[in-house]
Amino acid sequence: LLPPMSLYDINVGEGIPLALKRATDEGVFPAPGSGNLDDLESKPCGLFYDLDAWEGNIEECKRVFGPGFLHAIAFKSNALGPMMQTCVNRGLGAECASMGEVLHAGKCGFASDAIIFDSPVKTVAEIRYSLKNGIHLNIDNFSELEVIAEQVADVGSAGVVGIRINPLCGAG
């Protein structure tokens, strides 16, 4: 591993090429163009992050928005346990698009009130689980609103239910 550096010691984006070069120099990865170029089975795979830049971006987001906001990391973008533990330690939430992501977020240490479940296709079982466990639910459409209202009447709600509003104007 590269020695720790502060965010200001390197330009964002320089750390990843340096890590890849070091991994290649130390024989963790073959040099580009070496070996059997047709071999799809034994090619190494690496996932490199500039953690100083990543953590710096988290802190900058928190600074710009100030207190009173729950900043949540999208689990679909990366749910590596050690990185998610950093998010827990820095007070971030977990934005989850599937029940598997919700359960993984809990195992990573996110409190249930810091987990946001906003799948556009939630099952009744997933809705009931979220309501009972205090997980924040975002509603995507009117039919889902009806289902959630029925389930709140049946099991109550230990969490927050939000409504996503898309005015359908402009791009996106």
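Please refer to the structure placed before this passage.
Parameters at a glance
- Residues numbered from 1 in each chain as written.
- Predicted model: local features only at pLDDT ≥ 70, side-chain atom pairs only at ≥ 80, totals over all residues.
- Heavy atoms only, no water.
- Salt bridge = Lys/Arg side-chain N within 4 Å of Asp/Glu carboxyl O.
- Helix = DSSP H or I, 4+ residues; strand = E, 2+ residues; numbered from the N terminus.
- Buried < 20%, exposed > 50% of the residue type's maximum accessible area, 1.4 Å probe, protein only.
- Core = buried A, V, L, I, M, F, W, Y, C linked by side-chain atoms within 4.5 Å.
- Polar contact = N/O pair within 3.5 Å; in protein donor to acceptor, adjacent residues only side chain to side chain.
- Contact = heavy atoms within 4.5 Å.
- Patch = residues over 30% accessible without salt bridge, like charges linked within 9 Å, V, L, I, M, F, W, Y side chains within 5 Å.
- Areas by Shrake-Rupley, 256 points an atom, 1.4 Å probe, with all protein chains shown as cover.

Asks: Mind showing me how you'd approach the pattern of salt bridges here?
Replies: Pairing between side chains of opposite charge can happen when their charged atoms approach one another. In total, this model carries ten salt bridges according to the counting rule given. Ionic pairing is found between Arg90 and Glu59, a salt bridge with its closest N-O pair at 2.6 Å. Residue Arg90 is found in the loop between helix H3 (81–89) and strand E2 (93–96), and its partner Glu59 is found in helix H2 (residues 51–65); the two are separated by 31 residues along the sequence. Residue Glu59 is classed as partly exposed on the basis of its relative accessible area of 32%. Members of the salt-bridge network, linked through shared partners, are Glu55, Glu59, Lys62 and Arg90.

Asks: Just checking my understanding: could you explain the nonpolar core for this structure?
Replies: For soluble globular proteins, the rule of thumb is that nonpolar side chains tend to be buried together. Within the largest apolar cluster, 23 residues are counted, with the highest numbers of intra-cluster contacts made by Ile73, Phe75, Met84, Cys87 and Phe110. At the level of secondary structure, the elements contributing two or more residues to this core comprise H2, H3, E2, helix H4 (99–108), strand E3 (115–117), helix H5 (124–133) and strand E4 (136–139). By residue number, the principal contributor to this core is H4, which donates four residues.

Asks: Can you help me understand the side chain of Asp118 in this one?
Replies: For Asp118, the location among the structural elements is in the loop between E3 and H5. Within the structure, the side chain of Asp118 is placed 3.4 Å from the side chain of Arg164, a separation counted as a polar contact. Excluding anything up to four places from it in sequence, Asp118 contacts Glu95, Cys96, Ala97, Asn138, Asp140 and Arg164.

Asks: Please explain a nonpolar patch on the surface as it appears in this structure.
Replies: Among the surface-exposed residues, Leu47, Tyr49, Leu51 and Leu80 lie close enough to one another that they form a single nonpolar patch of about 360 Å² accessible area. Here Leu47 lies in the loop between helix H1 (15–25) and H2. Since its relative accessible area comes to 59%, Leu47 is described here as exposed.

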